[in-house]
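# Reading the structure
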Amino acid sequence: MSFRSAGIHHVTAIAGDPQRNLAFYAGILGLRLVKVTVNYDDPATYHFYYGDETGSPGSVMTFFPWRDAPRGRSGVGQISVTSFAIPPEAIAFWVGRLIHHGISYQGPLRRWDETVLTFSDPDGLVLELVGHPSAEERLGWVSGPIPPEAAIRGIYGVTVLEHALDPTGPVLVDTLGFAQTHADESRFRFEAPGDGLGRIIDVHVAGGFWGGIMGVGTIHHVAYRATDDTDQHMAQAQIKAAGMSTTAVLDRHYFRSVYFREPGEVLFEIATEGPGFMVDETRNNLGTGLRLPPWLEASRSSIQTRLPSVELPASHDTVP
C-alpha cells in the first residue's frame, strides 16, 4: 500500500492589511470565514481561514496578514495561481460582480474543458474562477453573500511555476499519487484520484523566468490531504524514501502537518483531514471570535493587545 493524496487540503498565502483581506475574501468573493486564530509561530499575526460552510478539506484558503511586511514577487519556485471552482453557468454572474467592484479581469477564456476568469486580490495575488461541471455536484454556502447557485465551491487547483517539469512532476506522481492527464507546450496537468475538491495541480514550465520572492501577495505553501495520522505517516515515509527531508509532525489544532520542499523549491505540506474546524466552535458560530489553541490560551490577553482590531463580516463580532 502506498500514499495517494485525494488532492489539496488548503492553500496558504501572505497578505498585507487584515481588514482589507477580510473585505475581499469574505465580502467580494463570499467565502465563509471559518476560523480566526493566530500564526502559531508568530502569535502577533492573525491566521484567517476561509472556505465553504464548514471549512471542509479542499475548500480552504488561509492567510497570514502581515501589515508591514514587504511585497513579494511571484516567480519560479512558487505557487503562482490559486483557482476556485464555480459552476460554468456562474461565469456571467462573476463577470458582473467583478465589474461592479471595479476589479480588472481577463477572460472568460477556454482552457481544455474549463472556462477561466483571471484577476488579482488587493495584494496582487493572482486568482482564477474556473467554471467546470464538477462544481455543480456541490452546494454553495446557502447563508453567504453570494447566491448559492453562483457561490464558490472550493479550491479547484493551483498552478506551480517551475524551470522544468522534472523533477517536480515525478514527485507529484510517484510520491503524492497524482496522475498526469493533460499537457500543452508549457502547462502540464496532474490530477488526484477521486472526485473531491482541489484535485488539480498544473505545472507551468517557465525556464529562465525570475525566481519568486516570498512576501505580501505570494503563496506561502500548498497542503495536500492525508486521510488520518496513519496515512500521513505513510506519506512522510514516501517523501523521505524519495530523498527529501520533512519536518516532524506539527499540531495545528485543526489538523496535523508535515512540511517539505519539493526539488523545485515549492513548500508542500501534508495535512490530516481531521479533526476539523468545529473542535472549538459550532457550525453556526464558525469564524465569530478569536480562537487560540490550548497551549496559547494562557497568553490570550497579551496576544490580543498585539493584534490589530478588525471588523468581521456582517453579524460577526469585532476581534479581539
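Now for a description of the structure that goes with this document. (Residues numbered from 1 in each chain as written. Predicted model: local features only at pLDDT ≥ 70, side-chain atom pairs only at ≥ 80, totals over all residues. Heavy atoms only, no water.)

### Quick look at helix α3 (residues 168-175)
The set of residues buried in α3 consists of Thr 168, Gly 169, Val 171, Leu 172 and Thr 175. Elements that come into contact with the buried residues of α3 comprise β9 (154-162), β11 (187-191), β12 (200-205), β13 (218-226), α4 (229-241) and β16 (267-272). In the stretch just after α3, Gly 177 is the one whose phi turns positive, near 90°. (Buried < 20%, exposed > 50% of the residue type's maximum accessible area, 1.4 Å probe, protein only. Helix = DSSP H or I, 4+ residues; strand = E, 2+ residues; numbered from the N terminus. Contact = heavy atoms within 4.5 Å.)

### Focus: α4
If you check α4, its first and last C-alpha atoms are 18 Å apart, about what 13 residues at 1.5 Å a residue would give, namely 18 Å. Of the positions making up α4, those classed as buried are Asp 231, Gln 232, Ala 235, Gln 236, Gln 238 and Ile 239. Along the axis of α4, the buried residues cluster in a sector spanning 165°; they form a single face. Exposed side chains of α4 directed beyond 90 degrees from the buried face belong to Thr 230 and Ala 241. Looking at the packing, one finds that the buried side of α4 touches α3, β13, β15 (256-261) and β16. (Expected span 1.5 Å × (residues − 1). Arc of directions from axis to C-beta.)

### Description of the sheet that holds β16
Spatially, the 8 strands line up as an open sheet ordered β2-β3-β4-β1-β13-β16-β15-β14, and their pairing is mixed. Of all the strands in the sheet, the pair left with one neighbour each is β2 (32-39) and β14 (250-251). (Pairing = 2+ DSSP bridges.)

### Overview of the pairing of β9
The buried count for β9 comes to 9 of 9 residues, which makes it a mostly enclosed element. Pairing between β9 and β12: 6 bridges, direction parallel. Paired with Glu 162 across the two strands is Val 205, which belongs to β12.

### Some details on the packing of aromatic side chains
One pass over the structure, following the stated rule, counts 17 aromatic pairs. Relative to Trp 295, the ring of Tyr 40 lies with its centre 5.5 Å away and its plane at 80°, an arrangement referred to as edge-to-face. Of this pair, Tyr 40 sits in the loop between β2 and β3 (42-51) while Trp 295 sits in helix α5 (residues 294-297), and the two are 255 residues apart along the sequence. Given a relative accessible area of 16%, Tyr 40 falls into the buried group. Consider the rings of Tyr 46 and Phe 48, whose centres lie 5.1 Å apart with planes at 25°: the pair is stacked. The class of Tyr 46 is buried, set by a relative accessible area of 1%. An aromatic cluster of at least three residues, connected via ring pairs, comprises Phe 24, Tyr 25, Tyr 46, Phe 48, Tyr 50 and Phe 63. (Phe/Tyr/Trp six-rings, centres within 6.5 Å; stacked < 30°, edge-to-face > 60°.)

### Some points on the layout of surface pockets
Approximately 280 Å³ is the volume attributed to the largest pocket. In terms of lining, the largest pocket is formed by 17 residues, of which the most central are Ser 80, Val 81, Val 126, Arg 187 and His 204. Mapped by element, the contributors of at least two residues to the lining of the largest pocket are β5 (78-86), β6 (105-111), β7 (114-120), β8 (126-131) and β9. Tallying contributions element by element places β6 first for the lining of the largest pocket, with 3 residues. Within the lining of the largest pocket, the residues separate by chemical class into 7 nonpolar, 6 polar and 4 charged. (1 Å grid on protein atoms, 1.4 Å probe; cavity = no way out; pocket = protein on both sides within 12 Å on 5 of 7 lines; lining within 4 Å. Points joined across faces, edges and corners; volume = space filled by probe spheres on them. Nonpolar A, V, L, I, M, F, W, Y, C, P; charged D, E, K, R; others polar.)

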